[in-house]
Amino acid sequence: MNTIRLLERFLRYVNIDTRSVFDSPRYPSSEGQRELGRLLVAELTAIGLTDASQDEWGIVMGTLPATPGNESVPMISWCAHMDTSPEASGQNVKPAVIRNYDGQKINLYGNTAITLTLAKHPELAEMCGKTLIVTDGTTLLGADDKAGLAIIMEAIESLCENASSMHGPIRVCFSCDEETGCGADHLNPQKLGTACYTVDGDAGEKINIETFSAAQAIVRVTGQNCHPGAAKGFMINAVRVLSRFIELLPRAIAPETTDERDGFLHPFEMSGDTASATAKVLIRDFETPMLSIRGDFLRSIGKTCELEFPGAKVEIEITEQYLNMRDDLNRDPRSFQLAEQALRNLGKEPIRKLIRGGTDGSRLTAMGVPTPNLSAGAHCMHSVEEWACLEEMETTVQWLCEIAKLWTNE
Ligand SMILES: [Zn+2]
């Protein structure tokens, strides 16, 4: 592995603005993703992957063939996403590299109002002596997920350079629009082999094998409108009915009051008038059967509101979004068992961490390709205070190579 080359790659990729766009009619939702994809295809080709290409959706794929004697080893894939979050600017990213970090607060040179303090970023306490990459305080860094891209590219190149490396076929997949929830929309699971590893976000030696199971409810209230001056006994105010509905959602089952393994109901959008009103509610839980139990609970609240406001109609439409990958991963646990063994072989203990959200991996796992997620050395993602740790990125490069080696015994 070449650490300088890893850092240079990362700095090259964050240079291209690839913010995705919510509710875009186009895929990928921004031209920058195609531009970065073209660069990655050129680099994969230069490394020696003869089939590297970008498809009509902007997705980049390429295959590193097996080393001699390992042609029958099951193919695995390594996946990272090219877009960055729309939640902070990604234009004109000016990264600063801090070598041999001294453990003190970090001033961001483009925005004096922002300082990375140990109070806000407790992980900084463990970073003394390491190489950190920060922003200038006006944009995000894009380590989510360009650290993942750089890690995968460096792992591929170092496997190619190392004459003694042993691995089966490895497919590289760089996807688009993950941050807007569309990352798996145009991925073909058949092209990803027996197991896939997303290298996406998070810090340290973490492996994610559990995500939320998720659904969304749309609550539609129909009232009855008329002139307020002559409304007595006739008007049914949908705004009041919907407000009552929201009031009946327990505060103890909300994102702001729960953590760890607790699920929640999260009303996050509402609009309406006297005649009709609508709200959207996220339903989240680590236990998939709880989605329908929580859905029934919403319906029972709807009935209560109909009783309290005679004549009002409350309809609830629930759509499943994604499921906890744990249940499907357990059907073929090799993907994460080999990953955990690989990290132990490097002398580090893997930390299993729950994702209180979803990943491309949740959908790929549901489509039949077991896809755990590995940490990429990114901290405080989606923020102008985002930073990355080069040594953590190095560890994941070695981690991927060791995983590839362990698969040759399968
Ligand atoms: Zn990400």
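Above this text you will find the structure in question.
Read on for an overview of the structure.

Rules used in this analysis
- Numbering of residues starts from 1 in each chain and follows the order in which that chain's sequence is written.
- For a predicted model such as this one, the threshold for reporting local features is a pLDDT of at least 70, and the threshold for listing and counting side-chain atom pairs is 80 or more; totals across whole chains, interfaces and linings nevertheless cover every residue.
- The basis for the side-chain values is all heavy atoms of the structure; hydrogens and waters are excluded.
- Helix numbering and strand numbering both begin at the N terminus, where a helix is a DSSP run of H or I of at least 4 residues and a strand a DSSP run of E of at least 2.
- The globule rule is 2.2 Å times the number of residues to the power 0.38, and the radius of gyration it is compared with is taken over C-alpha atoms.
- Note on classification: 1.4 Å probe, protein chains only; a residue is buried when its accessible area is under 20% of the maximum for its type, exposed when over 50%, partly exposed between these limits.
- In what follows, a contact means two residues having at least one pair of non-hydrogen atoms within 4.5 Å.
- Throughout, the Shrake-Rupley method with a 1.4 Å probe supplies accessible areas, and for residues the shown protein chains are the sole cover considered.
- Asp and Glu are treated as the negative residues and Lys and Arg as the positive ones, with His and the ends of the chain left uncounted.
- The location of each charge is read from NZ of Lys, CZ of Arg, CG of Asp or CD of Glu.
- Note: metal donors comprise N, O and S atoms at 2.8 Å or less from the metal (3.2 Å for Na, K and Ca); water molecules are not included, so apparent gaps in a site are possible.
- Our working definition of a disulfide is a cysteine sulfur pair at a distance within 2.5 Å.
- Here a polar contact means two N or O atoms within 3.5 Å. Within protein one must be a hydrogen donor candidate and the other an acceptor candidate, and residues neighboring in sequence count only if both atoms are side-chain atoms.
- In this description, strands pair whenever DSSP reports at least two bridges between them.
- The axes used here are C-alpha line fits, helices contributing only the stretch in contact, and every angle between their N-to-C directions lies in the interval 0 to 180 degrees.
- One less than the residue count of a helix, multiplied by 1.5 Å, gives the span that helix is expected to have.
- To pair, rings of Phe, Tyr and Trp, with the six-membered ring standing in for Trp, must have centres within 6.5 Å; the planes then decide the type, stacked if under 30 degrees apart, edge-to-face if over 60, and tilted in the middle.

### A few points about the overall build of the chain
Okay, step 1: Secondary structure assignment for the chain yields nine helices and 18 strands.
Okay, step 2: Here the chain has a C-alpha radius of gyration of 24 Å; the compact-globule value for 410 residues is 22 Å, and the two agree.
Okay, step 3: Overall, the chain is about 85 × 55 × 40 Å in size when its C-alpha atoms are taken along their principal axes.
Okay, step 4: Residues counted as buried form 54% of the 410 residues belonging to the chain.
Okay, step 5: Pairs at least 24 residues apart make up 80% of the contacts formed inside the chain by residues separated by at least 6 positions.
Okay, step 6: Summed over its atoms, the accessible surface of the chain is roughly 17,700 Å², and 50% of this surface lies on carbon and sulfur atoms.
Okay, step 7: For the chain, the distance from the average position of its 38 positive side-chain charges to the average position of its 57 negative side-chain charges is 4 Å.

### Regarding the coordination of the zinc ion
Okay, step 1: Those donors, H81 (NE2), D144 (OD) and D200 (OD), are the protein atoms that reach the zinc ion, and they lie 1.9 to 2.2 Å from it.
Okay, step 2: On the primary sequence, the residues serving as donors to the zinc ion are separated as H-x62-D-x55-D. Of the two residues, H81 is situated in strand β3 (residues 76–81) and D144 in helix α3 (residues 143–161); the sequence distance between them amounts to 63 residues.
Okay, step 3: A relative accessible area of 1% places H81 in the buried class.

### Looking at the state of the cysteines
Okay, step 1: Counted according to the given criterion, the structure contains zero disulfides.
Okay, step 2: With no disulfide of its own, C160 lies closest to C401 among cysteine sulfurs, the gap being 10 Å.
Okay, step 3: When its relative accessible area of 38% is taken as the criterion, C160 is described as partly exposed.
Okay, step 4: Its relative accessible area of 18% is what places C401 among the buried residues.

### Overview of the side chain of S85
Okay, step 1: Note that S85 resides in the loop between β3 and β4 (96–98).
Okay, step 2: Of the polar contacts made by the side chain of S85, one reaches the backbone nitrogen of E87; its length is 2.9 Å.
Okay, step 3: Side-chain polar atoms of S85 contact the side chain of H382, separated by 3.5 Å.
Okay, step 4: The contact partners of S85, leaving out residues within four places of it in the chain, are R19, L140, E179 and H382.

### Structural notes on the sheet that holds strand β11 (residues 213–222)
Okay, step 1: On the basis of which strands lie adjacent, the open sheet formed by four strands has the order β12-β13-β11-β14 and antiparallel pairing. In this open sheet, the two edge strands, each paired with only one partner strand, are β12 (264–272) and β14 (313–322). Adjacent strand axes in the sheet meet at a mean angle of 20 degrees, parallel and antiparallel pairs treated alike.
Okay, step 2: For β11 and strand β13 (residues 276–285), the ladder comprises 10 bridges, and the chain directions are antiparallel. In the sheet register, A214 faces β13, and the bridge partner there is R284.
Okay, step 3: Lying over the sheet, helix α4 (residues 238–247) contacts β11, β12, β13 and β14, oriented at roughly 15 degrees with respect to β13.
Okay, step 4: Strand contacts of helix α5 (residues 289–308): β11, β12, β13 and β14, with the helix running at about 150 degrees to β13, the strand carrying the most contacts.

### Re helix α9 (residues 390–407)
Okay, step 1: For α9, which comprises 18 residues, the first-to-last C-alpha distance of 26 Å matches the rise-based estimate of 26 Å (1.5 Å per residue) to within 8%.
Okay, step 2: Taken across its 18 residues, α9 has 15 buried, putting it largely inside the fold.

### Details of the pairing of β3
Okay, step 1: Counting buried positions along β3 yields six of six residues, so the element is predominantly enclosed.
Okay, step 2: Because side chains alternate across β3, one face comprises the buried residues I76, W78 and A80, and the other comprises S77, C79 and H81, equally buried.
Okay, step 3: By the bridge criterion, six bridges tie β3 to strand β8 (residues 170–175) in an arrangement that is parallel. Pairing of S77 across the sheet is with R171, part of β8.
Okay, step 4: In this structure, β3 lies alongside strand β9 (residues 195–199), joined through four bridges in parallel fashion. Within the sheet, the bridge partner assigned to I76 lies in β9 and is A195.

### Overview of the packing of aromatic side chains
Okay, step 1: Per the stated rule, a full pass over the model turns up three aromatic pairs.
Okay, step 2: Here F212 and F264 contribute two aromatic rings whose centre-to-centre distance is 5.5 Å and whose plane-to-plane angle is 85 degrees, an arrangement assigned as edge-to-face. Taken together, the residues span a long stretch of sequence, with F212 in the loop between β10 (206–211) and β11 and F264 in strand β12 at a distance of 52 residues.
Okay, step 3: F212 gets classed as buried once you look at its relative accessible area, which sits at 0%.
Okay, step 4: Assessed through its relative accessible area of 8%, F264 is described here as buried.
Okay, step 5: When the centroid spacing of 4.6 Å and the interplanar angle of 35 degrees are considered together, the rings of F212 and F286 count as tilted.

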